Structures are given as structure tokens and as C-alpha cells.
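# Fold and geometry: a report
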Protein chains: 2
Amino acid sequence: MNKKQMQSEQTKKRVAEAARSLFALKGYKATSIEDIVAATGSSKGNIYYHFKSKEGLFLYLFDEWDREWEENWEKKQWQYQTMKEKLFGMAEQLALEDLNHPLNRAAEEFFHMEEKSNDVEERIKAIYQNHFQFFETFIQRGIDQGEFKHVNAKHLAIGLESMFVGLSQMSRAASSEDVGKLYQSAVQAFLFGIAIDSD
Amino acid sequence: MNKKQMQSEQTKKRVAEAARSLFALKGYKATSIEDIVAATGSSKGNIYYHFKSKEGLFLYLFDEWDREWEENWEKKQWQYQTMKEKLFGMAEQLALEDLNHPLNRAAEEFFHMEEKSNDVEERIKAIYQNHFQFFETFIQRGIDQGEFKHVNAKHLAIGLESMFVGLSQMSRAASSEDVGKLYQSAVQAFLFGIAIDSD
DNA sequence: TTTTATACTGAACGTTCATTCTGTATCATA
DNA sequence: TATGATACAGAATGAACGTTCAGTATAAAA
């Protein structure tokens, strides 16, 4: 790799990292390109040389996060034996890691914005579909291994994703609660139910 | 009531209804005061005479919705006997009524905006607390009546709210699915669990 | 050394928008 | 009828910000 290419790559990283900090601190909308300029010393034009748009820059950061999450999970999941244990473990990772991830708040804001370019909208849908697929495979494995009932894996995959997405949002409003316990009892309910007559 | 007061009230209603339609159509941020001016024939100044701000106008509409929801639920819940049935009934009302409510999308956007005035932030927190309280009472009743296990009602109230909030959001991404079924299986899981070994 | 592609600059553009403010019309009240 | 309050009009304010573009510097390629 060239000296020039290396510098270019470094610049891109510097911009990305500054952007991540700013998005974390101020939120997506409230972080202006000007803010990133001030934080990096790079010029506006240069930022647009490295990233297609503000949306593109954010999506770049989000992808990094998503990739890292899956890597961490792959490393971690082997310590658990059953699918039930895995699910509790996943809840733990989500509660501890995700909630404290710098992009957490900004991502929520970003995903709920109404003014998005069409390609971004498509990307977001694809991300969700990916998560659904992940959980569907997970649940299906539980069924195949005789741990889970013969439920509709597709529906309950969405149910699981819903629960975790919602949990992540509610954890902020219900601040005084112990978040770990919250996630744990939610998963407990999802696995074993809260009703007494188990039919 | 005066003729003047009546006209004033009508104007306020006209503005509110136009705003609701526009928020539903274009989203919160994308709906400008100018849009509402164009739709009502009222002037900007007049809108600000009747409502404190754009945020205030939206919150006014949201309150109406919240009130109506509780009224509808109060009417409906008596047709169900057990708490389990009630929960399924609630899921139905949420799936059918809420998802089609004009403000649904805009409210999501509004609640996830990062730039909010402090009093609005407080209001939103209060709204959530209210929902938590509602579910906590609900679950506690189930426990007292011997229908539910001795779970932590506080935690699971948040869990329920999380699930429904998440479900409402996911229902858009997973459009092709039958939303009613989706809610139903989520509640089914929450009540009876998906695991086979019910401990 | 000349040429060319890449990396970078920053001023200018174009647009959007919530809110305020000064003034006016209308109706209730005294 | 005179006075005061209420309801309404709409121009002006004032700021914010993403994106583009014409031009410059730097280093690789020829």
C-alpha cells in the first residue's frame, strides 16, 4: 500500500471516529458536518470525498458495530450448552454491551427518522431482515434439538427482535431499574411464560 | 358559551385535525407550520395563538389518542373473563387499532427525536411511566387471582410494554406478515413460553 | 521531469423552517 | 357607544445545515 493510500485511510478513520463520538454525544441530527470538521481538522469537501453523505457516514459506522456484535457473539456463544442458556447469554450481551455502545442512541434516532433517501430505507429493511433471519435460525435450532415447542419460528423471531428492540428503548425511560435483571426476566418470560397453566 | 368562543374552539379543532392528517401523511419533522397554514387557511400567528409550539400541538394530538385508547380498552375489556384472555384482547386492540392510527408513525418519529425541549422530555417520560404502571397493575392482578406466577410485576410490566412497542415498530419492516398473528404468537410466548421444560 | 490521479480545501449555494412581532378585525362587556 | 379582550393575519427574523464545486497540493506513474 502507498504512503498516500495509507494516509488517506488514516484520514477516513479519523473522520469516522470523530463522527462516532459526536453522534454519541449529540445525536444524529444535532451533529453537523461542521462539527465533524471542527473535531477533525479535515475540510467539508474532504469528508464528502471519503463518504457519500451524512447518512452514508452513519451507516458506515453502524455496519462496523453490527459486524463487531456478531463477532463477539460468535466468540461468546460457545460457552453455553443449551439454546436456553444461549438466549440468556444473548440477553446479557445485549444488556451490557449494546446499551453502552456509543451509537445506541443515535442509531435509534436515525432508524426512526422519516426523511431518508430510498436506498437508505432499503438498507435498514435489509438490516432488520437479517436480524429476523438470525433469530429464526436460532429458534429453529431450538425446536430441532427438542428444547423449544413447535412454534412458528418466523413469527417468534420477529417477536424476539421486537422484545429486544423495545427493551433497549425502555431501559432508558426506566432508568432506575437494574437493566440486567430487566432483560433477564423478559427472556425468562419468553422461555417459560408467566402463566401458571402451561397448556 | 359565546359565539366567539365557539368559533375559536372550532378553529382550534380545524387546525388540530389538519395537523393530524399532515403528520400522518408526511411525518412530524417533514410537516411544516406552513403546511398546516395552507391546509387550514388559518395564519401562522393564529396557530401559535392556539398552540404553544409545534411540539405542543403534537403533544395535544397525542394526548387525545392516549385518552381514546384507554376509553376503548375500558369498554372492551369486560368481554374477557380471565387475565390471559384480556391480554390477548389487548394485543388485538393494539394490532388492529394502534397500527392503523394516523399518528402511529409520526409518534414514533417524535418520541425518538433527540432535539426536544426539557418539558417535552419530561412529558414523554411521564407517559411511559404511566404505561408501565398500567401493565404492572395488570400483571399484579393476574398474580393475585392465581393466574400468573409470582413474577416481578415491575420488571415484566416494562417487558410487556417493550414487547408491544417493539412489535409496533417491527410490524412495518415485516410488512408481508399477518400482523394479527404476529401479536398473538408474541403474547402466547409471553404467557406460556416457548421452552418445553416449564420449570 | 512531466503528467496524471488522488487527496484535500473552503467559500458559496440553496433551501428549509419555527417562532416572533406589530398590527388589525371582531365580538363581549360596561 | 366606548372600551377592552380575544382572535386572527402575515411579513420579518434569524438561524441552521447538507451538499457542491472550482481550484490547489501532493505523491504516484510515465
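Residues numbered from 1 in each chain as written. Chains lettered and ligands numbered in written order. Predicted model: local features only at pLDDT ≥ 70, side-chain atom pairs only at ≥ 80, totals over all residues. Heavy atoms only, no water.

A count of helical and extended segments in chain A gives nine helices and zero strands. Across chain A, helices and strands are ordered from the amino to the carboxyl terminus as α-α-α-α-α-α-α-α-α. Expressed as a percentage of the 199 residues in chain A, the buried residues total 52%. For chain A, the share of sequence-separated contacts (at least 6 apart) that also reach a separation of at least 24 residues comes to 65%. In the structure as shown, chain A presents an accessible area of about 9900 Å², 50% of it carried by carbon and sulfur atoms. Side-chain charges of chain A comprise 25 positive and 31 negative groups, with the mean position of each set lying 7 Å from the other. (Helix = DSSP H or I, 4+ residues; strand = E, 2+ residues; numbered from the N terminus. Buried < 20%, exposed > 50% of the residue type's maximum accessible area, 1.4 Å probe, protein only. Contact = heavy atoms within 4.5 Å. Areas by Shrake-Rupley, 256 points an atom, 1.4 Å probe, with all protein chains shown as cover. Lys, Arg positive; Asp, Glu negative; His and termini not counted. Charge placed at Lys NZ, Arg CZ, Asp CG, Glu CD.)

It is worth spelling out the protein's contact with DNA strand C at this point. Taken together, 21 residues sit near DNA strand C, with K4, Y49 and H50 of chain A together with Y48 and K54 of chain B positioned nearest. In DNA strand C, the atoms that sit within 4 Å of the protein are 68% sugar and phosphate, with bases accounting for the remainder. A distance of 2.8 Å separates a base oxygen of DNA strand C from a polar side-chain atom of K4 of chain B. Take I33 of chain B: an N or O atom from its main chain is 2.9 Å from a phosphate oxygen of DNA strand C. Mapped onto the surface near DNA strand C, the elements with two or more residues apiece are helix 1 (3–26) and helix 3 (44–50) of chain A together with helix 1 (3–26) and helix 3 (44–50) of chain B. The biggest single contributor to the surface near DNA strand C is helix 3 of chain A, with five residues. Class assignment of the residues belonging to the surface near DNA strand C gives a composition of three nonpolar, 12 polar and six charged. (Near = heavy atom within 4 Å. Polar contact = N/O pair within 3.5 Å; in protein donor to acceptor, adjacent residues only side chain to side chain. Nonpolar A, V, L, I, M, F, W, Y, C, P; charged D, E, K, R; others polar.)

Moving on to the packing of aromatic side chains. Tallying each qualifying case throughout the model produces 32 aromatic pairs over all chains. When the ring of F23 of chain A is compared with that of F58 of chain A, the centres are 5.2 Å apart and the planes differ by 75°; the resulting orientation is edge-to-face. Pair noted here: F23 of chain A is in helix 1 and F58 of chain A is in helix 4 (residues 54–76), with a separation of 35 residues, a long-range link. What makes F23 of chain A buried here is its relative accessible area of 1%. On the basis of relative accessibility, which here comes to 0%, the residue F58 of chain A falls in the buried class. With a centroid separation of 5.3 Å and 75° between ring planes, the pair formed by Y28 of chain A and F58 of chain A is classed as edge-to-face. Of the two residues, Y28 of chain A sits in the loop between helix 1 and helix 2 (33–40) while F58 of chain A sits in helix 4, which places them 30 residues apart along the sequence. Relative accessible area serves as the criterion here: at 4%, Y28 of chain A is assigned to the buried category. The lysine or arginine in question, K54 of chain B, covers the ring of Y28 of chain B, its NZ or CZ lying 4.6 Å from the ring centre. (Phe/Tyr/Trp six-rings, centres within 6.5 Å; stacked < 30°, edge-to-face > 60°. Lys NZ or Arg CZ within 6 Å of the ring centre and 35° of its normal.)

Our next topic: the interface of chain A and chain B. Contacts between the two partners involve 50 residues from chain A, matched on the other side by 49 residues from chain B. When the two sides are added together, the surface that chain A and chain B hide from each other amounts to roughly 4800 Å², 64% of it contributed by carbon and sulfur. It is E114, M170 and I194 of chain A that lose the most area in chain A upon contact with chain B, and together they represent 16% of the buried surface on that side. Remark: the boundary between chain A and chain B carries two salt bridges. We note a salt bridge from E114 of chain A to R105 of chain B, for which the minimum N-O separation is 2.8 Å. Remark: the boundary between chain A and chain B carries 19 residue pairs in polar contact (both at pLDDT 80 or more). Secondary-structure elements contributing two or more residues to the side of chain A that touches chain B are helix 6 (104–112), helix 7 (118–144), helix 8 (153–173) and helix 9 (179–192) of chain A. The residue makeup of the side of chain A that touches chain B, split by class, is 21 nonpolar, 13 polar and 16 charged. (Buried area = accessible area lost by both parts, 1.4 Å probe. Salt bridge = Lys/Arg side-chain N within 4 Å of Asp/Glu carboxyl O.)

So, about empty space enclosed by the protein. Empty space among the atoms can be located by rolling a probe the size of a water molecule over them. Using the criterion set out here, one finds one cavity of 30 Å³ or more in the structure. One number sums up the size of the largest cavity: a volume of about 90 Å³. Along the walls of the largest cavity sit K29, E109, H112, M113 and E115 of chain A together with K29, E109, H112, M113 and E115 of chain B, which together make up its complete lining. Along the lines of polarity and charge, the residues of the lining of the largest cavity split into two nonpolar, two polar and six charged. (1 Å grid on protein atoms, 1.4 Å probe; cavity = no way out; pocket = protein on both sides within 12 Å on 5 of 7 lines; lining within 4 Å. Points joined across faces, edges and corners; volume = space filled by probe spheres on them.)

In this section: the relation of the copies chain A and chain B. Overlaying chain A on chain B yields an RMSD of 0.1 Å, the required transformation being a rotation through 180° with an accompanying axial translation of 0.0 Å. Such a turn and shift between the copies fits a two-fold axis. Closest to the rotation axis within chain A is the C-alpha of G193 of chain A, separated from it by 1.9 Å. A share of 98% of the interface residues of chain A reappears at the interface of chain B, consistent with the copies meeting face to face through the same patch. (Least-squares fit on C-alpha atoms with pLDDT ≥ 70 in both.)

Time to look at the domain arrangement of chain A. Residues and elements named next belong to chain A. Under the domain assignment, chain A is made up of domain 1 (1–51) and domain 2 (61–192). A straight line from the C-alpha centre of domain 1 to that of domain 2 covers 29 Å. Taken together, the eight residues of domain 1 in the interface contact nine residues of domain 2. Of the roughly 790 Å² buried between domain 1 and domain 2, counting both surfaces, carbon and sulfur atoms make up 69%. Between domain 1 and domain 2 we count one salt bridge in total. Its salt-bridge partner being E64, residue R20 comes within 2.8 Å of it at the nearest N-O pair. (Domains from an automatic or database assignment.)

So, on to the protein's contact with DNA strand D. If you check the shell around DNA strand D, you find 22 residues, and the closest are Y48 and K54 of chain A together with K4, Y49 and H50 of chain B. If you look at DNA strand D and keep only atoms within 4 Å of the protein, 61% of those are sugar or phosphate atoms. Between DNA strand D and the protein, one listed contact pairs a phosphate oxygen with a backbone N or O atom of I33 of chain A at 2.8 Å. One of the backbone N or O atoms of G45 of chain B is found 3.2 Å from a base oxygen in DNA strand D.

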